[in-house]
Amino acid sequence: MNLFERIKNSISADVHELLDQKEEKNPLSLLNQYLRQCELEVNKARKLVERQQLLRDQFARETEEAESKAAKRAHQADLAQQANESELYQFAIQEKEQHETRADKLKESTQQAEKDLSELEQKYELMKHKLKDMQIKRMELMGRENVARAHQKMDRVIDPSSSMKKSTFRFDELENYMDRLEQKVNADYHASSMEAKLAKLEKEWKKEDSHTTV
């Protein structure tokens, strides 16, 4: 195998590699990227749901605490009234009313937090189902892609000419380029060869001419 054949084979191998790399940038790789983004969004949603659960629980604890304090002040108000401690009675009654007002507001907040949590949990479950469906779809596409790639690589061995059809125009250009390069090298070689022969002829002629003169 001469130099030009080796160069052509090397270029052909490089083109095959480039075509393989181009094939890798297919819709499946885009789907993988989209799924990764979806997984991140689902994970963010999970954290938001967990945060809402903590807020709901905190509202519930605050409600219980306010009701407990209101009940305590109500009991203290009864004791102060029985003891004719009007000042303490008034203080206990005011505290009781404040705790009851706070407890009512906290109940509303707890109910709203519970409602919001229920909606978030439903949407979060829907997101997880959608993500699972896409993951299954990816598996199906991976199976189809694997079969297609296997057939393609097998066809290259069974029938190399068919696998070259997509890149024929590229190889035609490369063949033309290599032909022009080969012609140029041959022309340069021929010119340098003629130059060397002329130089040799001139040298021999001078040598014979010097002998004749003597």
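Refer to the preceding data block for the structure.
We now turn to the structure provided with this report. (Residues numbered from 1 in each chain as written. Predicted model: local features only at pLDDT ≥ 70, side-chain atom pairs only at ≥ 80, totals over all residues. Heavy atoms only, no water.)

### With respect to the overall build of the chain
When helices and strands are counted, the chain shows five helices and zero strands. Moving toward the C terminus, one meets the helices and strands of the chain in the order α-α-α-α-α. For the chain, with 214 residues in total, the buried portion stands at 17%. Look at the contacts in the chain between residues 6 or more apart in sequence, and 84% of them connect residues 24 or more apart. As displayed, the chain has an accessible area near 16,900 Å², and 55% of this comes from carbon and sulfur atoms. (Helix = DSSP H or I, 4+ residues; strand = E, 2+ residues; numbered from the N terminus. Buried < 20%, exposed > 50% of the residue type's maximum accessible area, 1.4 Å probe, protein only. Contact = heavy atoms within 4.5 Å. Areas by Shrake-Rupley, 256 points an atom, 1.4 Å probe, with all protein chains shown as cover.)

### A few points about helix H3 (residues 86-158)
The α-helix advances 3.6 residues per turn, and as a result positions three or four apart in sequence lie on the same side. Over its 73 residues, H3 extends 105 Å from the first C-alpha to the last, a length consistent with the 108 Å expected when each residue adds 1.5 Å. Listed in full, the buried residues belonging to H3 are Ala-92, Glu-95, His-99, Ala-103, Leu-106, Thr-110, Ala-113, Leu-117, Tyr-124, Leu-131 and Gln-135. (Expected span 1.5 Å × (residues − 1).)

### Re a nonpolar patch on the surface
A cluster of nonpolar side chains, contributed by Met-154, Val-157 and Ile-158, occupies part of the molecular surface with about 360 Å² of accessible area. Mapping Met-154 onto the fold places it in helix H3. (Patch = residues over 30% accessible without salt bridge, like charges linked within 9 Å, V, L, I, M, F, W, Y side chains within 5 Å. Salt bridge = Lys/Arg side-chain N within 4 Å of Asp/Glu carboxyl O.)

### Side note on the side chain of Thr-63
Inspection of the secondary structure assignment puts Thr-63 in helix H2 (residues 27-82). A distance of 3.4 Å separates a polar side-chain atom of Thr-63 from the backbone oxygen of Leu-106. Excluding anything up to four places from it in sequence, Thr-63 contacts Ala-103, Leu-106, Lys-107 and Thr-110. (Polar contact = N/O pair within 3.5 Å; in protein donor to acceptor, adjacent residues only side chain to side chain.)

### Observations concerning the pattern of salt bridges
Taken as a whole and assessed by the stated rule, the structure comprises 10 salt bridges. Notably, a salt bridge pairs Glu-50 with Arg-46, separated by 2.9 Å at the nearest N-O pair. Placement of both Glu-50 and Arg-46 in helix H2 is noted, with a separation of four residues, approximately one turn of the helix. A residue is classified by how much of its surface remains accessible, and Glu-50, at 36% relative accessible area, is partly exposed. A relative accessible area of 29% places Arg-46 in the partly exposed class. Here Glu-100 makes a salt bridge to Lys-96, at a shortest N to O gap of 2.9 Å. With a gap of four residues between them, Glu-100 and Lys-96 both fall in helix H3, about one helical turn apart.

### Notes on the nonpolar core
Ranked by size, the top nonpolar core spans 10 residues in total: Leu-28, Leu-31, Leu-35, Cys-38, Val-42, Ala-45, Val-49, Leu-117, Tyr-124 and Leu-131. At the level of secondary structure, the elements contributing two or more residues to this core comprise H2 and H3. When residues in this core are grouped by element, the largest group, seven residues, is from H2. Setting aside anything within four residues of it in sequence, one finds Leu-35 in contact with Leu-131, Met-134, Gln-135 and Arg-138. (Core = buried A, V, L, I, M, F, W, Y, C linked by side-chain atoms within 4.5 Å.)

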